[in-house]
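Descriptive analysis of the structure
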Amino acid sequence: IDLEILVSVMEKKQIEEGNKIINQGDTKCDTIYIIASGSFECFDETTSEVKAVLKAGEVVGELAILFNDPRALSVRAKGSDSAVWTIPREAIERLDLDKSEMMNGVYEKVEYANYCEQKEREK
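Summary of the structure given here. (Residues numbered from 1 in each chain as written. Predicted model: local features only at pLDDT ≥ 70, side-chain atom pairs only at ≥ 80, totals over all residues. Heavy atoms only, no water.)

Some thoughts on the pattern of salt bridges
Across all of its chains, the model carries four salt bridges by this definition. Measuring nitrogen to oxygen at the nearest pair gives 2.7 Å for the salt bridge that ties lysine 20 to glutamate 45. Linking lysine 20 in strand β2 (residues 20–22) with glutamate 45 in the loop between β4 (39–43) and β5 (50–55), this pair joins segments that are 25 residues apart in sequence. Taking relative accessible area as the criterion, lysine 20 reaches 40% and is therefore assigned partly exposed. In this structure, the salt-bridge partner of arginine 76 is glutamate 41, at a minimum N-O distance of 2.8 Å. Taken as a pair, arginine 76 in strand β7 (residues 74–77) and glutamate 41 in strand β4 lie far apart in primary sequence, 35 residues in all. (Salt bridge = Lys/Arg side-chain N within 4 Å of Asp/Glu carboxyl O. Helix = DSSP H or I, 4+ residues; strand = E, 2+ residues; numbered from the N terminus. Buried < 20%, exposed > 50% of the residue type's maximum accessible area, 1.4 Å probe, protein only.)

Written as structure tokens, this is what we have:
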């Protein structure tokens, strides 16, 4: 994946504490998120059980897009300094990436996050 092209379509968004970026069961899966700062809880809506806490550099939402599955868990901002980089589905489709290439790219998440932060500082 050409990081320069990918970063050009990404947008950084601040997320207020408690706000969700992903809703469990949602079938309109149109965004992949890279945690830029703060932390986010992945939790089960039916039990309120927190399954994971994501930190900067981690990726969420990629599987629902890659495999057209409903969102497995909800994800909400845990702190007041939480932000994400968004990658819209249209950008992934425009880049014409196949699933194996996208999976390889997504799991280079720390590299993406570091690159994004560097580009943000250069603005």
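So that's the structure; there's more coming.
What to know about the pairing of β7
Taken together, the two bridges between β2 and β7 define a ladder with antiparallel strand orientation. Across the sheet, lysine 20 pairs through a bridge with arginine 76, a residue of β7. Pairing of β4 with β7 involves four bridges; the strand directions are antiparallel. Bridged to phenylalanine 43 within β7 is serine 74. (Pairing = 2+ DSSP bridges.)

A short note on the nonpolar core
Judged by nonpolar contacts, the single largest core of 14 residues is most densely connected at Met10, Ile32, Ile34, Ile65, Trp85, Ile87 and Ile92. Elements that contribute at least two residues to this core include exactly α1 (3–8), β3 (31–37), α2 (62–67) and β8 (83–88). Of all hydrophobic cores here, the second largest spans 12 residues; its members include Ile15, Ile35, Val60 and Ala77. (Core = buried A, V, L, I, M, F, W, Y, C linked by side-chain atoms within 4.5 Å.)

As for the sheet that holds β4
In spatial order, the strands read β2-β7-β4-β5; together these four strands make up an open sheet with antiparallel pairing. The sheet is open, and its two edges are formed by β2 and β5, each paired on a single side. In this sheet, neighbouring strand axes are inclined to one another by 30° on average, regardless of whether the strands run parallel or antiparallel. (Axes fitted to C-alpha atoms, helices over the stretch in contact; angles between N-to-C directions.)

What is shown is where atoms sit, not what they do.
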